[in-house]
Amino acid sequence: EDRPVQKSDGTWTYFAPDIAYHFDKAERGYDLLVDVLGADHGGYVRRIRAVVEALTGGRVPLEVRLIQLVKLLKDGEPVKMSKRAGTFVTLGEVVEEVGKDVVRFVMLTKRPESPMDFDFAKVVEQSRDNPVFYVQYAHARIASLGRRLAESGMVLPPADLSLLSGEELGVIKLAASFPRLIEQAAEAREPHRIAFYLNDLAAAFHSRWNAGNDDPQARFLLVDRPDLTAARLAMAGAVGQVIRNGLAVIGVAAAEELN
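A brief report on the enclosed structure follows. (Residues numbered from 1 in each chain as written. Predicted model: local features only at pLDDT ≥ 70, side-chain atom pairs only at ≥ 80, totals over all residues. Heavy atoms only, no water.)

### A few points about the sheet that holds strand 3 (residues 70-74)
The cut-off we apply is this: Strands are labelled as partners when DSSP assigns at least two bridges between them. Helix and strand assignments follow DSSP, with helices taken as H or I runs no shorter than four residues and strands as E runs no shorter than two, numbered in order from the N terminus. Residue contacts are defined here by distance: any two heavy atoms, one from each residue, within 4.5 Å place the two residues in contact. Note on method: axes are straight lines fitted to C-alpha atoms, helices fitted across the in-contact stretch only, with angles between N-to-C directions ranging 0 to 180 degrees.
Spatially, 4-3-5 is the arrangement adopted by the 3 strands of the open sheet, whose pairing is mixed. The sheet is open, and its two edges are formed by strand 4 (77-78) and strand 5 (116-119), each paired on a single side. Along the sheet face, helix 4 (residues 100-107) touches strand 3 and strand 5 and points at about 155 degrees away from the line of strand 5.

Below, the structure written as structure tokens:
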């Protein structure tokens, strides 16, 4: 289907600079182009793919990711915005109110093709329902183990991981899948997989931690078992490293303490 590039008065349509942009990228030697567009631009995909194929002779593939819109909620009510009326909330204002770490993580808790309700109250509450808090809390708990060990004065032997069993091995197995998860997320251009994974890993660690509430022998620090303590702390330290690495990939800082 033909698309106008230049108007009768000599000015260019919005499609013209888009053509030039993709041509410039291809001419600079890129072997893959990726566009991220709002879902309301779905009708634009076929024409820009046709342009890239024509300009490069099919040499440079183009991937297009469509993302749904985000609805802001305050006090349970949608924040009404209108471009025509000039009433809108910028991303900078959202970051200023709740912090960049919260915004970055929460934006990855939904698949791009899924609509999102960004509730200002929910994203800062300290509960299991707040994924960024849940992951940060797991890391803070792990960090607290080092402080508690120093306070106890315990001297630990080298860690013997063969002492670990049951749920602990499940946590280790999940943590060990991190490198492959990162590779898969990169190959699929789906960074939300990292946020999903971190939430699953945090849940597994919290479950293991909470076991100590019912059984004192399941706690991480056991004064009468320095060998088992060393093994459990090694496991916790590895999980903490994976959480830090995962958060770093998506640009979020790991919390050492939470109030």
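### Here we look at helix 5 (residues 131-152)
Selection criterion: By definition here, a helix of n residues has an expected span of 1.5 Å times n minus one.
In this model helix 5 runs 32 Å from its N-terminal to its C-terminal C-alpha over 22 residues, within 8% of the 32 Å that 1.5 Å per residue would give. Two residues or fewer past helix 5, Gly153 is found with a positive phi of approximately 75 degrees.

### Some points on the side chain of Asp35
As a reminder, the rule being used: Partly exposed describes any residue whose relative accessible area lies between the buried limit of under 20% and the exposed limit of over 50%, with all areas from a 1.4 Å probe on protein chains only and scaled to the type maximum. For the charge count, each Lys or Arg is scored as positive and each Asp or Glu as negative, with His and the chain ends excluded. What makes a salt bridge here is a side-chain nitrogen of Lys or Arg within 4 Å of a carboxyl oxygen of Asp or Glu, nothing more.
Topologically, Asp35 is positioned in strand 1 (residues 33-38). Buried Asp35, no salt bridge; nearest opposite-charge side chain is Lys25, N-O distance 8.1 Å. Residue contacts for Asp35: discarding those within four places in its chain leaves His22, Ile48, Leu62, Glu63, Val64 and Arg65.

### What to know about a nonpolar patch on the surface
Stated formally: In this scheme, patches are assembled from residues that exceed 30% relative accessible area and form no salt bridge. Like charges are connected within 9 Å, while nonpolar side chains (Val, Leu, Ile, Met, Phe, Trp, Tyr) are connected within 5 Å. Computed with the Shrake-Rupley method and a 1.4 Å probe, the accessible areas treat only the protein chains shown as cover for residues.
Nonpolar side chains collect at one region of the surface, where Val34, Val36 and Ile67 lie side by side and expose about 240 Å² of accessible area between them. Residue position: Val36 is located in strand 1. Overall, Val36 belongs to the exposed group, its relative accessible area being 57%.

### Describing unusual backbone geometry
Of note, Asp75 is a non-glycine position whose phi angle comes to about 55 degrees, a positive value. Among the structural elements, Asp75 can be located in the loop between strand 3 and strand 4. For Arg189, which is not a glycine, the phi torsion comes out positive at approximately 55 degrees. Considering the arrangement of structural elements, one finds Arg189 in the loop between helix 7 (178-188) and helix 8 (192-214).

### Focus: helix 7
For clarity, the threshold we go by: Taking the helix axis as origin, the arc is that swept by the directions to the C-beta atoms.
Turning to helix 7, its buried residues number three or more, namely Phe178, Leu181, Ala185 and Ala188. Along helix 7, the residues classed as buried sweep out an arc of 100 degrees about the axis, all on the same side. Exposed side chains of helix 7 directed beyond 90 degrees from the buried face belong to Pro179 and Glu187. Each element contacted by the buried residues of helix 7 is listed here: strand 2 (62-67), helix 6 (167-176), helix 8 and helix 9 (226-249). Two residues or fewer past helix 7, Arg189 is found with a positive phi of approximately 55 degrees.

### A short note on the pairing of strand 2
The test is simple: A clockwise course of the path from the first strand over the helix to the second, judged with the strands pointing away from the viewer, identifies a crossover as right-handed.
Relative to strand 2, strand 1 is paired through 6 bridges, and the arrangement is parallel. In the strand pairing of strand 2, Val36 is matched with Arg65. Between strand 1 and its parallel partner strand 2, the chain crosses via helix 2 (residues 45-56), and the hand of that crossover is right-handed.

### Describing the packing of helix 3 (residues 91-98) against helix 4
Operational definition: In this scheme, roughly parallel covers angles under 35 degrees and roughly antiparallel covers those over 145, while 65 to 115 is roughly perpendicular and the rest are oblique. Only Asp, Glu, Lys and Arg are considered charged, only Ala, Val, Leu, Ile, Met, Phe, Trp, Tyr, Cys and Pro nonpolar, and every remaining residue, Gly among them, polar.
Interaxial distance between helix 3 and helix 4 falls to 7 Å at its minimum, and their mutual angle equals 115 degrees. The angle between the axes of helix 3 and helix 4 places the two elements in the roughly perpendicular class. Contacts from Leu91, Val94, Val95 and Val98 of helix 3 reach helix 4 at Lys100, Val102 and Val103. Tallied by class, residues from the contact of helix 3 with helix 4 come to 6 nonpolar, no polar and 1 charged.

### Concerning the pattern of salt bridges
All told, the structure shown has 11 salt bridges when counted by the stated rule. One salt bridge connects Arg28 with Asp24, and the closest N-O pair in it is separated by 2.8 Å. Of the charged contacts in the structure, one is a salt bridge between Asp101 and Lys100, with a shortest N-O distance of 3.3 Å. It is possible to trace a salt-bridge network through shared partners that takes in Glu63, Arg65 and Arg189.

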